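Overview (structure and organization)
Letter by letter, the chains look like this.
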Amino acid sequence: MQTEIEIKFFVSRDIRQPFLNLLNSLEIISSSQAELGNVYFDTPALDLRRLEMGLRIRRSDDFAEQTIKCRGQVVGGLHARPEYNAPVEGDLPALAAFPDAIWPSLAVRDGIQGELVAQFRTDFLRRHWLIAFEGAEIELAWDQGEIVGVLGKSPIDELELELKSGEASALFGLAEQLAGLGGLRLGAQSKAQRGYRLAGLGKPLALQSLPAVTELSAVARITLGLQHWQHHEQFWLEQTDAAQQTLALQQLRLGMDLVAEAADLLPTPAWLDTLTRLGQRLALVAGQADWQQALPALFLQADYVGLQLAIAAWLHRQGG
């Protein structure tokens, strides 16, 4: 087993030249590219999804591998999930190739095995660089392609940073440099989550209300506030209805406010002043007549994305 620790960005505009300029400044150990085809599996009753597992077979010209990812945590674009990989033959995964301990029981595992069907697929070109950075080795991948399900297709244009060895602080340091390019947003949704929705099997994003936080620690409140903020940022971007966008913006601001209020209960985090300034800027943008056109540009600004990264890095150091 390995615990995958990665940061994902969604690419929202052409960043090729500044991205190449950044690459030229880094110590690249190796690089490669491959066309990858991925088929995701579950039962018709979505038993794996209920267990918070994701199962796929990945193929390229020279390998085929099955992977299962177990329940993990996503905070501020940092994804941490245990995953298991094994060779595969044929068109269906063999669940017995994974450790027995990850299943509620072997009977449950075998029942799922007998019901597995392909649910959706992702096909993309992966360009890959292994980078030495601040004493760590970090895998940087740029995936471009599409997710295909019965409800249609959705483009993939993502940058992923995965820590292979060393300290997570290096991962955040390199992510900060990428965020400085502009045109990127932190991605809290995996390809699998998006795929389930395109397969008609996942719940659409919806407005959420903040739960009561009186019993939560300050760190837990900041975690919740950041998740609430980012959820409604994504929801806002997927909406075309002005009333829904207005409600989404209200919830986004409540998430930011919760982060700020909780941070005031602690020794002042270094990012609090930036959060205050960005909150004021968001309020100004929201008051403009063309706020629905202006807001997406704010979401892509380097200091906005860098703030979310800084909060996520701080939470990681707190164990939050």
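This text gives an overview of the structure that appears in the document. (Residues numbered from 1 in each chain as written. Predicted model: local features only at pLDDT ≥ 70, side-chain atom pairs only at ≥ 80, totals over all residues. Heavy atoms only, no water.)

What follows is about the overall build of the protein. Per the secondary structure count, the protein includes ten helices and ten strands. Its C-alpha atoms give the protein a radius of gyration of 20 Å, near enough to 20 Å, the size a compact globule of 320 residues would have. Once the C-alpha set of the protein is aligned to its principal axes, its extents read approximately 55 × 45 × 40 Å. Burial analysis of the protein (320 residues in total) assigns 48% to the buried set. Long-range pairs, those at least 24 residues apart, make up 68% of the contacts in the protein with a sequence separation of at least 6. Summed over its atoms, the accessible surface of the protein is roughly 15000 Å², and 50% of this surface lies on carbon and sulfur atoms. Once the 27 positive and 39 negative side-chain charges of the protein are each reduced to a mean point, those two points are 3 Å apart. (Helix = DSSP H or I, 4+ residues; strand = E, 2+ residues; numbered from the N terminus. Rg over C-alpha atoms; globule rule 2.2 N^0.38 Å. Buried < 20%, exposed > 50% of the residue type's maximum accessible area, 1.4 Å probe, protein only. Contact = heavy atoms within 4.5 Å. Areas by Shrake-Rupley, 256 points an atom, 1.4 Å probe, with all protein chains shown as cover. Lys, Arg positive; Asp, Glu negative; His and termini not counted. Charge placed at Lys NZ, Arg CZ, Asp CG, Glu CD.)

Before going further, it helps to spend a moment on helix α6 (residues 218-238). With 21 residues, α6 extends 30 Å from end C-alpha to end C-alpha; this agrees with the ideal 30 Å at 1.5 Å per step. Taking burial as the measure, the 21 residues of α6 include 16 buried ones, the bulk of the element. (Expected span 1.5 Å × (residues − 1).)

So, on to the pattern of salt bridges. Following the criterion strictly, the structure yields 20 salt bridges and no others. The salt bridge involving R59 is made with D91; its shortest N-O contact spans 3.9 Å. With R59 in strand β3 (residues 54-59) and D91 in the loop between β6 (78-87) and α3 (106-115), this pair connects stretches of sequence that are 32 residues apart. The exposure class assigned to R59 is partly exposed, which follows from its relative accessible area of 33%. Across the salt bridge formed by R197 and E238, the nearest N and O atoms sit 2.7 Å from each other. Remark: E238 occurs in helix α6 and R197 occurs in helix α5 (residues 191-198); sequence separation between them is 41 residues. A residue is classified by how much of its surface remains accessible, and R197, at 21% relative accessible area, is partly exposed. Residue E238 is classed as partly exposed on the basis of its relative accessible area of 35%. Ionic contacts of the salt-bridge type, sharing partners, join the residues K8, R126, D143, E158, E160, K191 and R194 into one network. (Salt bridge = Lys/Arg side-chain N within 4 Å of Asp/Glu carboxyl O.)

A word on the environment of L307. Along the chain, L307 falls in helix α10 (residues 302-318). With 260 residues separating them in the primary sequence, L307 and D47 have C-alpha atoms 37 Å apart. Aside from chain neighbours lying at most four places away, what touches L307 is W229, W271, T274, L275 and L278.

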